[in-house]
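Listed below, chain by chain, are the residues.
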Amino acid sequence: REQLFLSYWNGKMLGYPDNMIEVYIRDFNTELPQAARNEEIQRGRTAVDAFFRASGLSPVVIREGLDEAVDSNFWETLPSVVSHRARTLIPTAPATAHDDTCATQE
């Protein structure tokens, strides 16, 4: 039960939408009946709501447009990439298939 409660709590703190969290908990591999799962969803919702009311903060919800798009130039600015390139003396490579999946279409 506690793992389901914490799944709700952590999901909300990470910004996942309610429906995603609830589906995750309802489908979680446990022998608890659905009624118990629903109780943990409600307990989590109550605790999260109380936390945000008391703190005066607002929960963040993951959604399109929340952050700026990431393109291939972004990866070149990361300290770990810069450090790796300096250590291995690898010149800046052209965009790879991975970069293409992260690039925005213009």
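See above for the structure.
Since the model is a prediction, treat every value here as computed from it, not as a measurement.

Student: Quick one: what's the story with the overall build of the protein, residue by residue and with numbers?
Tutor: A tally of helices and strands in the protein yields six helices and zero strands. Moving toward the C terminus, one meets the helices and strands of the protein in the order α-α-α-α-α-α. Within the protein, the fraction of its 106 residues that count as buried is 19%. Counting every atom, the protein has about 7900 Å² of accessible surface; 56% of that belongs to carbon and sulfur.

Student: Describe the nonpolar core, listing the residues and the values that go with them.
Tutor: Ranked by size, the top nonpolar core spans eight residues in total: L4, Y8, I21, I25, F28, I41, V48 and F52. Not counting chain neighbours up to four residues away, the residues in contact with F28 comprise Q3, L4 and R37.

Student: Hey, could you go over the packing of aromatic side chains for me, with residue numbers and the actual values?
Tutor: With the rule as written, the count across this model stands at three aromatic pairs. Where Y24 meets F28, the ring centres are 5.7 Å apart and the plane angle is 65 degrees; that geometry is what we call edge-to-face. The partly exposed category is assigned to Y24, whose relative accessible area is 46%. Accessibility expressed as a relative area gives 17% for F28, which makes it buried. Here F51 and F52 contribute two aromatic rings whose centre-to-centre distance is 5.1 Å and whose plane-to-plane angle is 75 degrees, an arrangement assigned as edge-to-face. Looking at F52, the relative accessible area reads 12%, which means it is buried. Through pairs of rings, three or more aromatic residues link up here, namely W9, F51 and F52. Lying across the ring of F5, R43 places its NZ or CZ 4.1 Å from the centre.

Student: Would you mind going over the packing of helix 1 (residues 2–14) against helix 3 (residues 34–55) in detail, with residue names and values included?
Tutor: A pair of packed helices is characterised by two quantities: the angle between their axes and the separation of those axes. Put simply, helix 1 and helix 3 touch, their axes get as near as 8 Å, and they point 40 degrees apart. In this view, helix 1 runs oblique relative to helix 3, as classed from their interaxial angle. Of the two elements, helix 1 crosses helix 3, and the hand of that crossing is right-handed. Here E2, L4, F5, Y8, W9, K12 and M13 of helix 1 lie close against helix 3, whose contacting residues are R37, E40, I41, R43, G44, R45, A47, V48, F51 and F52. Its residues placed into classes, the contact of helix 1 with helix 3 shows 10 nonpolar, one polar and six charged.

Conventions used here
Residues numbered from 1 in each chain as written. Predicted model: local features only at pLDDT ≥ 70, side-chain atom pairs only at ≥ 80, totals over all residues. Heavy atoms only, no water. Helix = DSSP H or I, 4+ residues; strand = E, 2+ residues; numbered from the N terminus. Buried < 20%, exposed > 50% of the residue type's maximum accessible area, 1.4 Å probe, protein only. Areas by Shrake-Rupley, 256 points an atom, 1.4 Å probe, with all protein chains shown as cover. Core = buried A, V, L, I, M, F, W, Y, C linked by side-chain atoms within 4.5 Å. Contact = heavy atoms within 4.5 Å. Phe/Tyr/Trp six-rings, centres within 6.5 Å; stacked < 30°, edge-to-face > 60°. Lys NZ or Arg CZ within 6 Å of the ring centre and 35° of its normal. Axes fitted to C-alpha atoms, helices over the stretch in contact; angles between N-to-C directions. Parallel < 35°, antiparallel > 145°, perpendicular 65-115°, else oblique. Left-handed = near helix turned anticlockwise from the far one by under 90°. Nonpolar A, V, L, I, M, F, W, Y, C, P; charged D, E, K, R; others polar.

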